[in-house]
There are 2 protein chains.
Amino acid sequence: MSGGRRGGSLPPQVERYARLLARRTQAMRSTAMRDLMSITERPEVISLAGGLPDTASFPPRVFAEIFESIASEACARALQYGPTEGLAETKRCIREVMSAEGMRVDPQDVIVTTGGQQVIDLVARALVDPGDVVIAEGPTYPGAIPAFCSYEAEIVQISVDDEGLRVDELAEQLEQLRALGKRVKLLYTVPTFQNPAGVTLATGRRRRILELAREYGFLILEDNPYGLLRYEGEPTTPLFALDGGEQVIYLGTFSKILAPGIRLGWVVAPTPVREKINIGKQAADLCTSTLSQLMVHAYFERQRWRSYVELVSTIYRRRRDTLLNALAEHLPPEATWTVPRGGLFVWVTLPDYIDTTDLLARALRENVAFVPGEQAFVDGRGKSSMRLNFSGCDEQQIREGVRRIGEVVEEQIALYGTLTGQPRHGARSGRRESTAKEPGREGAGSEPGRVVPMRRRAPGHR
Amino acid sequence: MSGGRRGGSLPPQVERYARLLARRTQAMRSTAMRDLMSITERPEVISLAGGLPDTASFPPRVFAEIFESIASEACARALQYGPTEGLAETKRCIREVMSAEGMRVDPQDVIVTTGGQQVIDLVARALVDPGDVVIAEGPTYPGAIPAFCSYEAEIVQISVDDEGLRVDELAEQLEQLRALGKRVKLLYTVPTFQNPAGVTLATGRRRRILELAREYGFLILEDNPYGLLRYEGEPTTPLFALDGGEQVIYLGTFSKILAPGIRLGWVVAPTPVREKINIGKQAADLCTSTLSQLMVHAYFERQRWRSYVELVSTIYRRRRDTLLNALAEHLPPEATWTVPRGGLFVWVTLPDYIDTTDLLARALRENVAFVPGEQAFVDGRGKSSMRLNFSGCDEQQIREGVRRIGEVVEEQIALYGTLTGQPRHGARSGRRESTAKEPGREGAGSEPGRVVPMRRRAPGHR
């Protein structure tokens, strides 16, 4: 321990350093997901908080074979620096992944990045001046917020309903922002199996957003980590494919179709923007791990990637169904939630008087974790919602986790009833059938800016 | 190929995107080293340009064993997200490395990063507002410049002589900057075996810089990738150890003592700054590759790391001697250069009328590459200097590379003589003895802001 380091926590010393911090750090807050990691790493905690894929399903034998082949064929290269934009063979794997979702791309137009997160950072670095507007879904991926805040963007969030971002509200906002003289540089969206809402942007809306992008002169960052993790229904065409890559910057990642621990993602962008992203990447970390890039290449050479995506999709579909059944069983009638057709997340909305950040503190005492909805907004909305993940826990844990959440929610509702003297809207009458359709129950979707939860449906049905 | 993408290179479309680019991108330029990578990857090119370690000396068998053990013991974990600040076991390896250079650190004070480059980026993100001053050596590590420019820092460079950064000039500059009302937030330095000059900051100067940091209230970013690659002489105490970590942020990396392809570095910083770095890292890439972190841990468990550092040090010492001998043999008497006691680089200075950026174009036609000195400055200095690396090529390549550089330099000198009608200062009379001492030959060190090259000495002697 270096002398004096711990002393850094004393107020005068904090003050000394505070003077030196950049203005942007005032807006950069830690995301709850990240802060929770140390708690949720404890084995007794059931975490429905993170977006963790099930890496235990990856065969250790395949892992060993991949690195055995790198050791014998490319050891020195795997340990060496690579070009900033990425290795040619890794880009060919990326072309293959994009092709599986109906996109055509020239490997030359791809930059391999240190995970998908880095793409958000580098795109913001290339485009955003302080005060520029970035439009995002409300709720949005919580991890995107600190990236945009790093460049002092003003984030404007547009409501989401069961067909994704509301384009009517978007058009209104764009008009208002124009009237205010604000520069809108970027619209950030996770259009397919959205994080955190689980909803998918309808194709008609996709076309409308592209029209608006051309009309108002902004770019779209399409973040598509989950597109291949579809559990039912027909594929939706990515914005990038609809647009041909003129207004759309595409973000892909191996995190959900292979593994996040290798930190490998990519970006495809129009040439003038891509050149700036490339320089930004030099500044950020010189180049992406050659080890990880060659691992992906060796893995793809074995032709296993599609069957692994099928394997995890099967696992996640079952887990999603288990989660939806458990929600129907354990959450009170006041709760509503979305029913995703793919991806990793369900968005649950509780009565307005429940603050899910407070609820989380209570839930953690019961050894269960989720992401409070507030984390997905910059403006205080989402306080009575939560994001639940279903990819990272097994079915028994999901059931038990939701049971515990149900208990703390019931407790809060009962407490509210006692404090206000109001009877609850509908008491739970025993265990409901988890497969019962309850089409009449919808959330408070008319509240401006509030996510409209989709109708509660039986899992497996749409 | 998506329709319209190639069209992005048409002027009206470039204009369309140019409107959307952030102001900072105007100052962000690509480093020559990175741009050169595609050329220098061609097998016929001898590149003395990059800072590439000799990864071919790493035994593939050890590589295979490491990943075999990860496969059997920690496969799912290696593929999973990790905490933003890094894995505990990796931090223990970092403590061991720092201890080998006489530094004590609590693993809790460490953040594991995506290479050392990311530390520069994250420290700048945490500290630098547009217009803030970052002081750096002149010449400085070329890769640091785009990182500071990403945050619109004003970079002020202080001359370097054979004892490192000139503290007298630093004190003067600080006084002038204070008088101008400029905020100096950070001094960035590579004090030991500096990149690119190869010089080491004297201990007395280290103490003086720490005094100045306290007096003027700025922090120091000590970038120490090469400290353990010492080929002669006694170790110098790192600034971090002298200071106890109050004013000094420490940057370490596994790139030179193990491998850059795994992108693994770290930062130790005072708590209030470290917290902001951690949030910045969440925004930048969520967490560092778990795969790489567990690789380092498995490698350290085998106790091989110190013997590998000894092995590469032995290789690099020989290559340095080969480079210095070749310079004495092939460069004309007008050239001077530094004699590093460790690290990877020699800084060569040619007559003022030679522009090394132009020379590089000529050298590339002879299939040899170096970094033009201009890349290590923000203000146009360094035009007649170049950085030569001696770690990435074998001895035969180094000799041949320098021979080719010598030829193009001779050509330029002869051309200059013809054009100006001036006889050259001293004609080369046959091959010089590479071990001859020539103590009287010094560079134009009195030129303000110019690097003072050290006396040309015989390799192996100090």
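Residues numbered from 1 in each chain as written. Chains lettered and ligands numbered in written order. Predicted model: local features only at pLDDT ≥ 70, side-chain atom pairs only at ≥ 80, totals over all residues. Heavy atoms only, no water.

- In the nomenclature of an unreviewed UniProt entry, chain A corresponds to 2-aminoadipate transaminase from the organism Thermoleophilum album.
- Among the UniProt annotations of chain A, the heading Cofactor (unreviewed entry) holds the following wording: "pyridoxal 5'-phosphate".
- What UniProt records for chain A under Sequence similarities (unreviewed entry) is the sentence "Belongs to the class-I pyridoxal-phosphate-dependent aminotransferase family." (UniProt positions renumbered as here; feature names shortened; annotations may be inferred.)

## Focus: the overall build of chain A
Here is step 1: Assigned secondary structure in chain A consists of 14 helices and 14 strands.
Here is step 2: Counting across all 462 residues of chain A, residues that qualify as buried make up 66%.
Here is step 3: Partitioning the contacts of chain A with sequence separation of at least 6, the portion at a separation of at least 24 is 77%.
Here is step 4: By element, 48% of the accessible surface of chain A is carried by carbon and sulfur atoms, the whole surface being about 15800 Å². (Helix = DSSP H or I, 4+ residues; strand = E, 2+ residues; numbered from the N terminus. Buried < 20%, exposed > 50% of the residue type's maximum accessible area, 1.4 Å probe, protein only. Contact = heavy atoms within 4.5 Å. Areas by Shrake-Rupley, 256 points an atom, 1.4 Å probe, with all protein chains shown as cover.)

## Some details on the domain arrangement of chain A
All names here are of chain A.
Here is step 1: Considered domain by domain, chain A is made up of domain 1 (32-56 + 307-420) and domain 2 (77-301).
Here is step 2: A straight line from the C-alpha centre of domain 1 to that of domain 2 covers 26 Å.
Here is step 3: Listed by partner, the interface residues are 28 residues for domain 1 and 28 residues for domain 2.
Here is step 4: Surface buried jointly by domain 1 and domain 2 totals about 2400 Å² across both partners, of which 63% is contributed by carbon and sulfur atoms.
Here is step 5: Connecting domain 1 to domain 2 are one salt bridge. (Domains from an automatic or database assignment. Buried area = accessible area lost by both parts, 1.4 Å probe. Salt bridge = Lys/Arg side-chain N within 4 Å of Asp/Glu carboxyl O.)

## A short note on the pairing of strand E2 (residues 110-113) of chain A
Residues and elements named next belong to chain A.
Here is step 1: The side-chain alternation of E2 yields two buried faces, one formed by Val-110 and Val-112 and the other by Ile-111 and Thr-113.
Here is step 2: Bridge count for E2 against strand E9 (residues 265-268) is four bridges, and the pairing is antiparallel. Note on E9: the bridge partner recorded for Thr-113 is Gly-265. (Pairing = 2+ DSSP bridges.)

## Examining the UniProt feature "domain: Aminotransferase class I/classII large" (unreviewed entry) in chain A
Here is step 1: Following the UniProt record, the feature "domain: Aminotransferase class I/classII large" (unreviewed entry) maps to residues 45-405 of chain A here.
Here is step 2: Structurally, residues 45-405 of chain A is divided into 44% helix and 16% strand, and its ends, taken at the C-alpha atoms, are 12 Å apart.

## Structural notes on the interface of chain A and chain B
Here is step 1: Every contact between the two is made by 108 residues of chain A and, on the other side, 107 residues of chain B.
Here is step 2: Between Arg125(B) and Asp121(A) there is a salt bridge, and its shortest N-O distance comes to 2.9 Å.
Here is step 3: Inspection of the chain A/chain B interface yields 49 residue pairs in polar contact (both at pLDDT 80 or more).
Here is step 4: Of all the elements in the fold, those that place two or more residues in the side of chain A that touches chain B are helix H1 (11-18), helix H2 (32-40), helix H3 (60-78), helix H5 (115-127), helix H6 (144-150), strand E6 (184-189), helix H10 (271-285) and helix H11 (290-301) of chain A.
Here is step 5: Class assignment of the residues belonging to the side of chain A that touches chain B gives a composition of 53 nonpolar, 31 polar and 24 charged. (Polar contact = N/O pair within 3.5 Å; in protein donor to acceptor, adjacent residues only side chain to side chain. Nonpolar A, V, L, I, M, F, W, Y, C, P; charged D, E, K, R; others polar.)

## Quick notes on the relation of the copies chain A and chain B
Here is step 1: With an RMSD of 0.0 Å, the fit of chain A onto chain B corresponds to turning through 180° and sliding 0.0 Å along the axis. Read as a symmetry element, the transformation amounts to a two-fold axis. Minimal C-alpha separation from the rotation axis in chain A is found for Phe67(A), amounting to 3.1 Å.
Here is step 2: Of the interface residues in chain A, 99% have counterparts in chain B that sit at the interface too, so the contact is made through matching surfaces. (Least-squares fit on C-alpha atoms with pLDDT ≥ 70 in both.)

## Let's talk about the packing of aromatic side chains
All names here are of chain A.
Here is step 1: Inspection of every chain in the model, using the stated rule, returns 27 aromatic pairs over all chains.
Here is step 2: Aromatic side chains Phe-254 and Trp-266 sit 5.1 Å apart centroid to centroid with 55° between the ring planes, which places their arrangement in the tilted category. Taken together, the positions of Phe-254 in the loop between strand E8 (248-253) and E9 and Trp-266 in strand E9 put the pair 12 residues apart, joining distant regions of the chain.
Here is step 3: Taking the relative accessible area as the measure of exposure, Phe-254 reaches 0% and is therefore buried.
Here is step 4: A ring pair is formed by Tyr-299 and Phe-300, whose centres lie 5.9 Å apart and whose planes are at 70°; its orientation type is edge-to-face.
Here is step 5: Chaining the aromatic ring pairs together yields one cluster made of Phe-58, Phe-254, Trp-266, Tyr-299, Phe-300, Trp-305 and Tyr-308. (Phe/Tyr/Trp six-rings, centres within 6.5 Å; stacked < 30°, edge-to-face > 60°.)

## A closer look at the nonpolar core
Across soluble globular proteins, nonpolar side chains have a tendency to be buried as a group.
Here is step 1: Phe63(A), Leu127(A), Phe254(A), Phe63(B), Leu127(B) and Phe254(B) are the most contacted members of the largest nonpolar core, which totals 295 residues.
Here is step 2: Among all residues touching Phe254(A), those that are not within four sequence positions of it are Cys93(A), Ile94(A), Val97(A), Ala259(A), Ile262(A), Leu264(A), Trp266(A), Val296(A) and Phe300(A). (Core = buried A, V, L, I, M, F, W, Y, C linked by side-chain atoms within 4.5 Å.)

## Considerations on the sheet that holds strand E11 (residues 345-349) of chain A
Here is step 1: The four strands lie next to each other as E10-E11-E14-E13 (chain A), forming an open sheet whose pairing is antiparallel. One side of each edge strand has no neighbouring strand; the edge strands of this open sheet are strand E10 (336-337) and strand E13 (371-372) of chain A.

## What about the pattern of salt bridges?
Residues and elements named next belong to chain A.
Here is step 1: The full count for this structure, using the stated rule, is 66 salt bridges over all chains.
Here is step 2: The shortest N-O distance in the salt bridge between Glu-89 and Arg-77 comes to 2.7 Å. Within this pair, whereas Glu-89 is found in helix H4 (residues 88-100), its partner Arg-77 is found in helix H3, the two being separated by 12 residues in sequence.
Here is step 3: What makes Glu-89 buried here is its relative accessible area of 13%.

## Some details on the packing of helix H7 (residues 167-179) of chain B against helix H8 (residues 203-216) of chain B
Two measures define how a pair of helices packs: the angle their axes make with one another and the distance between the axes.
Residues and elements named next belong to chain B.
Here is step 1: Where H7 meets H8, the closest approach of the two axes is 10 Å, and the angle between their N-to-C directions is 10°. Judged by the inter-axis angle, H7 sits roughly parallel to H8. Contacts between H7 and H8 involve Val-167, Leu-170, Ala-171, Leu-174, Glu-175 and Arg-178 from the first element and Arg-205, Arg-208, Ile-209, Leu-212, Glu-215 and Tyr-216 from the second. (Axes fitted to C-alpha atoms, helices over the stretch in contact; angles between N-to-C directions. Parallel < 35°, antiparallel > 145°, perpendicular 65-115°, else oblique.)

## With respect to the environment of Ala328(A)
Here is step 1: Its location among the elements puts Ala328(A) in helix H12 (residues 305-330).
Here is step 2: Sequence separation of Ala328(A) and Val402(A) is 74 residues, and the distance between their C-alpha atoms is 9.8 Å.

## Some thoughts on the sheet that holds strand E3 (residues 133-138) of chain A
Residues and elements named next belong to chain A.
Here is step 1: One open sheet accounts for eight strands, arranged E2-E9-E8-E7-E6-E3-E4-E5; its pairing is mixed. Two strands bound the open sheet, and with one partner strand each, they are E2 and strand E5 (164-165).
Here is step 2: Pairing geometry for E6 and strand E7 (residues 219-223), over four bridges, is parallel. Across the sheet, residue Tyr-188 finds its bridge partner in E7, namely Leu-221.
Here is step 3: Where H4 meets the sheet, its contacts fall on E2, E8 and E9, and the angle it forms with E2 comes to roughly 105°.

## Details of unusual backbone geometry
Residue and element names in this part refer to chain A.
Here is step 1: Residue Pro-139 follows Gly-138 across a cis peptide bond; omega there is 10°.
Here is step 2: Mapped onto the elements of the fold, Pro-139 is located in the loop between E3 and H6.
Here is step 3: Not every positive phi belongs to a glycine, and Leu-286 is a case in point at roughly 65°.
Here is step 4: Here Leu-286 shows up in the loop between H10 and H11.

## Considerations on the side chain of Arg263(A)
Here is step 1: Within the fold, Arg263(A) resides in the loop between E8 and E9.
Here is step 2: Although Arg263(A) is buried, it makes no salt bridge; Asp285(B) carries the closest opposite charge, 5.7 Å away.
Here is step 3: Other than its neighbours up to four places away in sequence, Arg263(A) contacts Thr113(A), Thr114(A), Gly115(A), Gln117(A), Ser255(A), Thr288(A), Tyr81(B), Asp285(B), Leu286(B), Cys287(B), Thr288(B) and Ser289(B). (Lys, Arg positive; Asp, Glu negative; His and termini not counted.)

## Let's talk about the packing of helix H13 (residues 356-365) of chain A against helix H14 (residues 395-420) of chain A
Residues and elements named next belong to chain A.
Here is step 1: In contact at an axis separation of 9 Å, H13 and H14 are set at 130° when each is read in the N-to-C sense. When the interaxial angle is binned, H13 and H14 end up oblique. Relative to H14, H13 is oriented so that their crossing is right-handed. The residues of H14 that touch H13, namely those facing Leu-359, Arg-362 and Ala-363, are Val-408, Val-409, Glu-411 and Gln-412. (Left-handed = near helix turned anticlockwise from the far one by under 90°.)

## With respect to helix H13 (residues 356-365) of chain B
Here is step 1: What H13(B) keeps buried is the set Thr356(B), Leu359(B), Leu360(B), Arg362(B), Ala363(B) and Leu364(B).
Here is step 2: Where H13(B) begins, the capping side chain belongs to Asp355(B), and its oxygen is found 2.8 Å from the backbone nitrogen of Thr357(B).

## A few points about helix H14 (residues 395-420) of chain B
All names here are of chain B.
Here is step 1: Its 26 residues place the ends of H14 37 Å apart at the C-alpha level, agreeing with the 38 Å of an ideal helix rising 1.5 Å per residue.
Here is step 2: Every buried residue of H14 is accounted for by Ile-398, Gly-401, Val-402, Arg-404, Ile-405, Gly-406, Val-408, Val-409, Glu-410, Ile-413 and Gly-417.
Here is step 3: The backbone nitrogen of Gln-396 lies 3.2 Å from a side-chain oxygen of the residue at the head of H14, namely Asp-394.
Here is step 4: Backbone geometry just downstream of H14 places Gly-421 in the positive-phi region, at approximately 75°. (Expected span 1.5 Å × (residues − 1).)

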